[in-house]
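If you want the building blocks of each chain, they are given just below.
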Amino acid sequence: MSSQKTFIQRNKAVVFFWIGAILILTGIGISVYVDSVIKSHMEKLYSPYSNLTQQERWDLEGSLEWWRMTKITMYDPLSIMLIGVGLVVLTYSFLTAIKQMGRKKPTLSVFK
């Protein structure tokens, strides 16, 4: 048996915990990144101190509209799926940990 497979078998709950945590953090990160890009575009577009030419304003409006539509159609569903799958994997890791704890034989120790 390869060392990687042995590691996964022994630490199944830990491996699934980290996979679930990474999926959840990736989903949250995608959502936060897209929101920050949209907010940045809005600040540039509606700032009274921005000296944008008409072409730059149109480009920024088009980009803002693209980010808003793509957020709704692609990034929000993607982040929700990643967070959902991450929560399922995280729950599975906890159930695996509980199952592994039940299999271990109790150790008796005598203190003198």
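Draft legend 1. Here's a closer look at the packing of aromatic side chains. A full pass over the atoms with the stated rule returns 6 aromatic pairs. Judged by centre distance (4.9 Å) and plane angle (90°), the rings of Phe-16 and Tyr-92 are edge-to-face. Placement of Phe-16 in helix H2 (residues 12-46) and of Tyr-92 in helix H3 (residues 54-103) is noted, with a sequence separation of 76 residues between them. Looking at Phe-16, the relative accessible area reads 24%, which means it is partly exposed. The partly exposed category is assigned to Tyr-92, whose relative accessible area is 39%.

Draft legend 2. Representation of the nonpolar core. Membership of the largest hydrophobic core is limited to 10 residues, which are Ile-30, Val-34, Val-37, Ile-38, Leu-45, Leu-60, Leu-64, Trp-67, Tyr-75 and Leu-82. Where this core is concerned, the elements lending two or more residues are H2 and H3. For Leu-64, the contacting residues outside a window of four places in its chain are Ile-38, His-41, Met-42 and Leu-45.

Analysis parameters
- Residues numbered from 1 in each chain as written.
- Predicted model: local features only at pLDDT ≥ 70, side-chain atom pairs only at ≥ 80, totals over all residues.
- Heavy atoms only, no water.
- Phe/Tyr/Trp six-rings, centres within 6.5 Å; stacked < 30°, edge-to-face > 60°.
- Helix = DSSP H or I, 4+ residues; strand = E, 2+ residues; numbered from the N terminus.
- Buried < 20%, exposed > 50% of the residue type's maximum accessible area, 1.4 Å probe, protein only.
- Core = buried A, V, L, I, M, F, W, Y, C linked by side-chain atoms within 4.5 Å.
- Contact = heavy atoms within 4.5 Å.

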